[in-house]
Amino acid sequence: MASEIDDLIEKLKATTVNPTKIPDNATTVLSEIAAAKDPKLFDKYELSDELLTLIQCDNVTVCKEACKCIAELTKSEEQRKKFTKPEVIKAFIDYLRNINNDSDNMELTIQNCRALGNILYLNDDAREIILDLKGDMVLIKLLDITNLNDKANALQFIKVRGGLLSNYLLGGETLAKRAMDLDIMTKISKIITIGVENVEENEDLLLNTLPIMSILTENVADLNFEANVNLQLARVLAASTNPDLAEMCLELLHYQAENDDVKVLLAKDGLCETIYQLLEKYKTLARTSEARALMKLACELIVLVLTGDESMNYLYTTSLLKNMEDWLDSDDVDLLTTGVLALGNFARTDSHCIHMVENKTMNKLLKVLAKNNGVRDDVRLQHALLSTLRNLVIPKANKSAVIQAGLVETILPMLEIHQPPVVFKLLGTLRMTVDGQEKLALELLKNSTLIDQLVHWSKSSDYAGVTGESYRLMAWLIKHGYLSKIAYALPRKGDAPAEQLADKIPSMDYDRSSLDKFISHEGSVEAMINMLTSQHLVMQNEALIALCILCVVYLSSSSSATEVSATQLQDAFIKYDVGKKLAELINKSSDTMTKEIVENLQNFINLLRTSEKLVSHLEAHNINELLKTIPILTEYCTI
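Computed from a prediction, not measured in an experiment: that's the story for all the values here. (Residues numbered from 1 in each chain as written. Predicted model: local features only at pLDDT ≥ 70, side-chain atom pairs only at ≥ 80, totals over all residues. Heavy atoms only, no water.)

1. Looking at the overall build of the protein
Reasoning step 1: On a plain count of helices and strands, the protein comes out with 41 helices and zero strands.
Reasoning step 2: Against the compact-globule benchmark of 26 Å for 639 residues, the protein has a radius of gyration of 36 Å, which places it well outside the compact range.
Reasoning step 3: Taken over the C-alpha atoms alone, the protein extends approximately 120 × 55 × 50 Å along its principal axes.
Reasoning step 4: The buried share of the protein, taken over its 639 residues, is 55%.
Reasoning step 5: Restricting the contact set of the protein to residue pairs at least 6 apart, pairs at least 24 apart contribute 74%.
Reasoning step 6: For the protein, the accessible area works out to roughly 28600 Å², and carbon and sulfur atoms hold 48% of it.
Reasoning step 7: For the protein, the distance from the average site of its 66 positive side-chain charges to the average site of its 90 negative ones is 3 Å. (Helix = DSSP H or I, 4+ residues; strand = E, 2+ residues; numbered from the N terminus. Rg over C-alpha atoms; globule rule 2.2 N^0.38 Å. Buried < 20%, exposed > 50% of the residue type's maximum accessible area, 1.4 Å probe, protein only. Contact = heavy atoms within 4.5 Å. Areas by Shrake-Rupley, 256 points an atom, 1.4 Å probe, with all protein chains shown as cover. Lys, Arg positive; Asp, Glu negative; His and termini not counted. Charge placed at Lys NZ, Arg CZ, Asp CG, Glu CD.)

As structure tokens, this is what we get:
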């Protein structure tokens with residue numbers, strides 16, 4: 001085999017001995033080299049000078065075969081390096097500069113594009129030469145060729161043109177930005193306009209042009225297409241039956257729909273309804289992994305468009321709302337999940353939430369959750385359901401209706417699930433539900449399974465969001481279960497110190513059993529103490545409120561709590577070093593504390609001082625002196 005290759009090379013070199021007279025056998029030699037099964041067979045040979053001579057000769061047939069030969073040889077990385085020369089690349093650029101729609105040598109043009117495209121593959125050196133020669137102007141001008149008279153070769157030209165431009169533009173941001181400056185998007189837009197007139201007939205034109213747009217979006221930050229281009233892409237998507245073309249359109253529209261203005265544009269153009277109709281039409285065909293991935297991509301685009309406020313409000317008035325409600329009855333988990341996520345996005349205003357509870361959409365969601373609230377059910381669907389229900393329960397007008405419909409009973413079994421995203425949404429949903437719902441808060445404080453799990457998650461979660469929500473839900477249960485009962489006992493600015501006030505507070509009789517059950521759980525009081533040093537001010541404040549309530553219920557003179565409970569709480573405060581945590585809180589957050597946090601901090605410390613044990617504990621941590629370092633208190637003193 002080696003001797004045969006050597007013979008071919010010798011014959012090739014012989015053809016260029018006299019560049020003004022190329023022998024008749026040149027095309028045969030070139031064809032034999034191009035037909036070799038493995039281009040690496042030629043890696044040790046330097047052929048660029050001979051082939052450069054042949055691609056510049058006057059014989060069109062020889063030029064074409066020489067270009068084809070280079071195209072085949074440069075499939076090898078070694079030969080790409082050998083042909084990466086300014087004079088070689090300039091020869092191709094000079095030829096391409098002069099072609100037009102009426103070119104009689106389309107086959108030669110195709111082989112030129114192939115050869116140059118293969119040289120450019122993963123080749124930054126070749127791209128630099130193109131840039132130095134201003135050859136990118138020539139490459140981009142190829143997109144102007146739209147009326148191809150040579151129908152037999154039109155498809156091949158479209159493919160190699162797309163490959164050539166893609167291999168060049170994959171060189172990165174600089175090349176992509178320069179292409180934008182050379183108005184490449186205007187040229188692409190014209191091609192898409194042609195393509196959308198008859199998508200089926202122009203399928204190949206679109207398939208070989210849209211990848212160039214994808215490369216541009218990946219390399220040019222915040223690239224926004226003209227509105228017309230996005231609308232044309234949506235129309236190509238609606239008309240195409242080719243999954244590859246549909247995928248390209250969806251991916252480009254995904255990228256563009258990150259912009260809220262594009263969301264509105266696509267919403268008003270009916271894209272989401274179009275996708276719904278397409279999915280309804282083809283959902284039974286989504287049996288392969290590729291088809292399923294395409295289906296998910298389409299579903300995700302609906303949800304993405306709905307994340308914009310204006311687009312969401314517009315689509316709430318269209319048929320899409322009912323379409324998404326209909327998908328709640330779907331047996332397809334992707335369509336079902338999309339319907340839930342879409343409704344969750346619609347539920348971003350109080351009016352929509354109230355309407356969705358009144359029209360029983362909420363009941364449908366609860367039925368779906370009741371069927372999917374186990375440890376083996378789809379996590380993405382569970383997350384979507386909890387997110388949507390959390391939104392629906394936020395308006396005060398909805399809370400009692402959602403509770404009565406069985407929300408809490410449906411989600412409590414999900415405490416067995418330990419997937420962090422699901423747990424995070426589960427706890428957030430419960431927290432929103434107990435807001436202002438005293439009866440429910442008291443019930444949940446008694447729920448041993450819930451409190452044990454909250455204590456566990458507050459200590460051991462690797463997911464910060466779950467830790468935070470565990471703390472917050474415990475604090476909210478205490479606040480919404482008992483604040484209304486003991487608010488009278490919390491000193492406000494201008495009141496006498498708690499030690500003097502306590503004897504004057506009339507005793508109120510209320511049921512402490514829920515809170516008794518809560519503090520009896522190992523780690524529950526510790527969690528509230530640890531919450532004092534949370535990163536977020538709002539959580540620090542919530543911890544202070546919960547701890548103040550515990551103090552009023554169990555430590556104040558007016559309290560009718562049992563001595564056992566009072567002792568239990570005092571011992572817990574000392575055991576879990578509340579003084580140390582207060583010192584950390586003041587040192588960490590004194591500069592950023594709001595007036596409300598400072599007042600709650602003072603209240604808590606004053607309430608702790610009603611216990612002799614705790615007075616000594618606070619003194620050991622120098623709390624009195626630390627209070628004087630809080631800037632907002634200094635300001636009060638100097639006013």
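2. Regarding the pattern of salt bridges
Reasoning step 1: One pass over the structure, following the stated rule, counts 25 salt bridges.
Reasoning step 2: The shortest N-O distance in the salt bridge between Glu50 and Lys13 comes to 3.2 Å. Taken together, the residues span a long stretch of sequence, with Glu50 in helix H3 (residues 48-55) and Lys13 in helix H1 (residues 2-15) at a distance of 37 residues.
Reasoning step 3: The partner of Arg114 in a salt bridge is Glu72, and the shortest N-O contact between them spans 2.6 Å. Placement of the pair is Arg114 in helix H7 (residues 106-120) and Glu72 in helix H4 (residues 60-73), with a sequence separation of 42 residues. (Salt bridge = Lys/Arg side-chain N within 4 Å of Asp/Glu carboxyl O.)

3. With respect to the state of the cysteines
Reasoning step 1: A full pass over the atoms with the stated rule returns zero disulfides.
Reasoning step 2: Free of any disulfide, Cys69 has its nearest neighbouring cysteine sulfur in Cys67, separated by 9.9 Å.
Reasoning step 3: A residue is classified by how much of its surface remains accessible, and Cys69, at 1% relative accessible area, is buried.
Reasoning step 4: Of all cysteine sulfurs, the one in Cys67 lies closest to Cys113, which takes part in no disulfide; the gap is 9.6 Å.
Reasoning step 5: Exposure remark for Cys113: the relative accessible area of 1% places this residue in the buried category. (Disulfide = S-S within 2.5 Å.)

4. Topic: a negative patch on the surface
Reasoning step 1: Judged by side-chain charge, Glu4, Asp6, Asp7 and Glu10 come together as a negatively charged surface patch.
Reasoning step 2: Locating Asp7 in the fold gives a position in helix H1.
Reasoning step 3: The partly exposed category is assigned to Asp7, whose relative accessible area is 46%. (Patch = residues over 30% accessible without salt bridge, like charges linked within 9 Å, V, L, I, M, F, W, Y side chains within 5 Å.)

5. Notes on the layout of surface pockets
Reasoning step 1: What the largest pocket holds in volume is close to 570 Å³.
Reasoning step 2: Sorting the residues of the lining of the largest pocket by element identifies helix H16 (243-256), helix H18 (271-282) and helix H19 (289-306) as the ones contributing at least two each.
Reasoning step 3: If one sorts the elements of the lining of the largest pocket by residue count, H19 sits on top with seven residues.
Reasoning step 4: Broken down by class, the residue content of the lining of the largest pocket amounts to 16 nonpolar, four polar and four charged. (1 Å grid on protein atoms, 1.4 Å probe; cavity = no way out; pocket = protein on both sides within 12 Å on 5 of 7 lines; lining within 4 Å. Points joined across faces, edges and corners; volume = space filled by probe spheres on them. Nonpolar A, V, L, I, M, F, W, Y, C, P; charged D, E, K, R; others polar.)

6. Concerning the packing of aromatic side chains
Both the distance between ring centres and the angle between the ring planes are used here to describe each pair of aromatic rings.
Reasoning step 1: Here the structure, examined in full by the defined rule, presents five aromatic pairs.
Reasoning step 2: Between Tyr276 and Trp327, the aromatic rings sit 5.1 Å apart at their centres with planes inclined by 45°, giving tilted as the arrangement. Taken together, the residues span a long stretch of sequence, with Tyr276 in helix H18 and Trp327 in the loop between helix H21 (320-326) and helix H22 (333-346) at a distance of 51 residues.
Reasoning step 3: Residue Tyr276 is classed as buried on the basis of its relative accessible area, which comes to 12%. (Phe/Tyr/Trp six-rings, centres within 6.5 Å; stacked < 30°, edge-to-face > 60°.)

7. Remarks on helix H35 (residues 537-554)
Reasoning step 1: Taking 1.5 Å per residue as the helical rise, H35 with its 18 residues ought to reach 26 Å, and the 26 Å between its terminal C-alpha atoms agrees with that figure.
Reasoning step 2: The buried fraction of H35 amounts to 16 of the 18 residues, a majority that puts the element mostly inside the structure. (Expected span 1.5 Å × (residues − 1).)

8. Re the packing of helix H12 (residues 184-197) against helix H14 (residues 210-219)
Reasoning step 1: Where H12 contacts H14, the two axes come as close as 10 Å, and the packing angle between them is 145°. With respect to the hand of their crossing, H12 and H14 are arranged in left-handed fashion. Between H12 and H14, the contacting residues are Ile184, Met185, Ile188 and Ile192 on the first element and Leu210, Ile212, Met213 and Leu216 on the second.
Reasoning step 2: Partitioning the contact of H12 with H14 into residue classes produces eight nonpolar, no polar and no charged. (Axes fitted to C-alpha atoms, helices over the stretch in contact; angles between N-to-C directions. Left-handed = near helix turned anticlockwise from the far one by under 90°.)

9. Structural notes on the nonpolar core
One broad trend across soluble globular proteins is that nonpolar side chains are buried collectively.
Reasoning step 1: In terms of nonpolar packing, the biggest core is built from 227 residues, with Leu51, Phe573 and Phe604 touching the most fellow members.
Reasoning step 2: If one sorts the elements of this core by residue count, H35 sits on top with 13 residues.
Reasoning step 3: Apart from residues lying up to four places away in sequence, Phe573 is in contact with Val525, Ile529, Leu547, Cys551, Leu555, Val578, Phe604, Leu608, Leu614 and His617. (Core = buried A, V, L, I, M, F, W, Y, C linked by side-chain atoms within 4.5 Å.)

10. Quick notes on helix H31 (residues 464-486)
Reasoning step 1: With 23 residues, H31 extends 32 Å between its outermost C-alpha atoms, agreeing within 8% with the 33 Å of an ideal straight helix rising 1.5 Å per residue.
Reasoning step 2: In the structure, H31 departs most strongly from a straight axis at His480, where the bend amounts to approximately 35°.
Reasoning step 3: The buried count for H31 comes to 18 of 23 residues, which makes it a mostly enclosed element. (Bend = angle between axes of the 7 residues up to and from the residue.)

11. Comments concerning the environment of Ile89
Reasoning step 1: Considering the arrangement of structural elements, one finds Ile89 in helix H6 (residues 86-97).
Reasoning step 2: Considered as a pair, Ile89 and Gly436 are 347 residues apart in the sequence and their alpha carbons are 75 Å apart.
Reasoning step 3: For Ile89, the contacting residues outside a window of four places in its chain are Phe83, Leu116, Ile119, Ala126, Ile129, Ile130 and Leu133.

12. Considering the confidence of the model for the protein
Reasoning step 1: Taken over all residues, the pLDDT of the protein has a mean of 91, while the share at 70 or more is 94%.
Reasoning step 2: Across residues 494-506, confidence stays below pLDDT 50; counting only partners more than four residues off in sequence or on other chains, it has 17 contacts. (pLDDT = per-residue confidence, 0-100.)

13. Some remarks on the packing of helix H29 (residues 438-445) against H31
Reasoning step 1: Two elements in contact, H29 and H31, have axes whose closest approach is 8 Å; the angle formed by their N-to-C orientations is 125°. Between H29 and H31, the angle is such that the two are oblique. Where H29 crosses over H31, the two elements pack in a sense that is left-handed. Seen from H29, the contacting residues are Glu438, Ala441, Leu442, Leu444 and Leu445; seen from H31, they are Leu477, Ile478, His480, Gly481, Tyr482, Ser484 and Lys485.
Reasoning step 2: In the contact of H29 with H31, the residues fall into seven nonpolar, three polar and two charged. (Parallel < 35°, antiparallel > 145°, perpendicular 65-115°, else oblique.)

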